[in-house]
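Examination of the molecular architecture
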Amino acid sequence: MRRNIVHSGADALIYEIRQIVALAKQIEAMGVSITWENIGDPIQKGESVPNWMKDIVSGLVNQNKSWAYTATQGDENTRKFLAEKVNERGGAQITSEDILFFNGLGDAVAKIFGFMRREARILGPSPAYSTLSSAEAAHSGYEHLTYELNPNNDWMPDLEDIENKVKYNDSIAGILLINPDNPTGAVYPKEVMREIVKICEKYDIILICDETYAHVNYSEWGSIHLSEVIGDKVCGFALRSISKEYPWPGARCGWLEVFNRKNDPTFERYIKSLLDAKMLEVCSTTLPQLSIPLVYSHPEFLNHLKFRNLKFKKRAEKATQMLSGIPGVKVIQPKGAFYLTVLFEDDVLKSHMTLPITNQKVKDFVSPLMEKAALDRRFVLHLLASAGICVVPLSSFCCNRNGFRVTLLEEDDTKFEWIYQTLAENIKKYLAS
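Reading guide: rules and limits
- Residues numbered from 1 in each chain as written.
- Predicted model: local features only at pLDDT ≥ 70, side-chain atom pairs only at ≥ 80, totals over all residues.
- Heavy atoms only, no water.
- Helix = DSSP H or I, 4+ residues; strand = E, 2+ residues; numbered from the N terminus.
- Rg over C-alpha atoms; globule rule 2.2 N^0.38 Å.
- Contact = heavy atoms within 4.5 Å.
- Areas by Shrake-Rupley, 256 points an atom, 1.4 Å probe, with all protein chains shown as cover.
- Axes fitted to C-alpha atoms, helices over the stretch in contact; angles between N-to-C directions.
- Parallel < 35°, antiparallel > 145°, perpendicular 65-115°, else oblique.
- Left-handed = near helix turned anticlockwise from the far one by under 90°.
- Nonpolar A, V, L, I, M, F, W, Y, C, P; charged D, E, K, R; others polar.
- Disulfide = S-S within 2.5 Å.
- Buried < 20%, exposed > 50% of the residue type's maximum accessible area, 1.4 Å probe, protein only.

This part takes up the overall build of the chain. Counting secondary structure elements, the chain contains 14 helices and 14 strands. Here the chain has a C-alpha radius of gyration of 22 Å; the compact-globule value for 433 residues is 22 Å, and the two agree. On the principal axes, the C-alpha backbone points of the chain span a range of 60 × 55 × 55 Å. A sequence separation of at least 24 residues applies to 73% of the contacts in the chain between residues at least 6 apart. Accessible surface, the chain: about 19100 Å² in total, of which carbon and sulfur atoms supply 50%.

This is how it looks when you write it as structure tokens:
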């Protein structure tokens with residue numbers, strides 16, 4: 001072509017969580033039974049949506065209004081309801097005008113970075129969640145800027161690392177938190193979050209918090225929302241969704257809760273640009289928005305959350321126990337979200353290590369893929385080809401550590417035990433090879 005039409009950040013658009021599915025599907029076609037541990041979809045892993053929730057949604061389907069457009073920012077009654085929920089926490093106060101709906105948080109993230117000035121950078125955690133890190137990197141045209149989550153401190157953010165990077169890089173316009181965290185399962189206490197708020201106030205930058213798993217939280221201190229700690233000076237927003245807590249990932253329904261937007265005219269103009277971009281689409285999907293006040297206020301909803309959190313807590317304990325004590329491996333018990341991160345200690349993985357691959361077609365297929373692969377990706381490919389378990393390498397989460405992410409979602413208790421027993425056996429076998 002006479003003009004190059006490829007965006008400078010195109011190479012950053014990598015989503016290993018789903019891309020590894022293509023490899024796994026090819027291996028499956030060669031005769032290997034695959035256990036899918038790559039993606040956080042509770043429904044695919046066997047969780048049943050409660051009947052009372054289905055009744056709410058089916059009732060809405062029978063109402064004509066659920067088939068219509070809604071307001072560009074989102075359904076007005078739903079936005080008022082959500083603003084009241086935020087204000088009940090007693091922290092930053094908002095109105096319905098501070099709520100903005102999107103077709104899932106993937107859509108929100110695309111808009112957040114797509115309409116941010118290219119020179120403005122957002123500092124995010126490492127390990128990172130791919131949707132956020134890839135979008136930030138693609139928006140800037142450079143590698144995603146990260147701060148360390150410390151595995152020797154329950155994957156807590158390294159506050160000194162954060163401040164040093166903000167202090168000495170004036171292109172950083174904001175800090176990103178994921179709380180509870182994906183992929184580590186860490187949950188940040190109020191004290192840690194307040195320290196990050198202080199850094200944002202000191203250097204006049206925004207604070208973004210992905211709260212997708214805010215109510216999938218089985219820590220001792222429970223959910224700490226951004227609104228509870230951000231105060232009245234720092235500008236920022238929380239990213240919220242129904243995909244994991246109903247769960248209804250196929251609804252593609254997420255929203256922003258915007259805080260202190262009037263404090264800074266630049267931030268106010270930026271938020272307006274997100275709404276302007278939304279107007280070009282008319283609105284986000286109506287049906288899931290209408291369900292939110294009905295589901296959140298249903299007498300069974302809190303029990304629903306408590307039941308699920310207890311379930312995930314027990315699985316996190318069991319999975320951690322089954323993988324603990326393996327020489328060369330570190331596992332920190334998750335306190336929230338659906339995932340467990342297995343970390344290989346420094347210099348443990350070697351390029352000669354293998355697992356037996358009995359299917360010759362599969363062996364011929366994966367062998368060339370391993371030649372230039374990162375060390376943890378080599379393990380993941382061996383695990384996939386040998387045992388049929390599909391996990392995601394930690395190096396794919398914008399991280400220079402070796403490890404992998406596995407889910408806590410398998411509903412069949414027997415299969416759940418098999419997954420983690422098989423992981424433990426194959427880790428030992430690989431490291432001994």
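Next comes the rest of the description.
For the pair helix H6 (residues 159–167) and helix H7 (residues 190–203), interaxial distance at closest approach is 11 Å and the crossing angle is 10°. One element, H6, and the other, H7, form an angle in the roughly parallel class. As for how H6 packs across H7, the hand of that crossing is right-handed. For the pair formed by H6 and H7, the contact residues are Leu159, Ile162, Glu163, Val166 and Lys167 on the first element and Val192, Glu195, Ile196, Ile199, Lys202 and Tyr203 on the second. Along the lines of polarity and charge, the residues of the contact of H6 with H7 split into seven nonpolar, no polar and four charged.

Turning our attention to the packing of helix H13 (residues 375–387) against helix H14 (residues 413–432). Interhelical geometry of H13 versus H14 gives an angle of 120° and a closest axis separation of 11 Å. In this view, H13 runs oblique relative to H14, as classed from their interaxial angle. Crossing geometry of H13 relative to H14 is assigned as right-handed. The segment H13 lies against H14, with Leu375, Arg378, Phe379, His382, Leu383, Ser386 and Ala387 engaging Trp418, Thr422, Leu423, Asn426, Ile427 and Tyr430.

What follows is about the state of the cysteines. Evaluation of the coordinates by the stated rule reveals zero disulfides. Cysteine 200 forms no disulfide, and the closest cysteine sulfur to it belongs to cysteine 235, at a distance of 10 Å. On the accessibility criterion, cysteine 200 (1% relative accessible area) is buried. Not part of a disulfide, cysteine 283 finds its nearest cysteine sulfur in cysteine 253, a span of 11 Å. Accessibility expressed as a relative area gives 12% for cysteine 283, which makes it buried.

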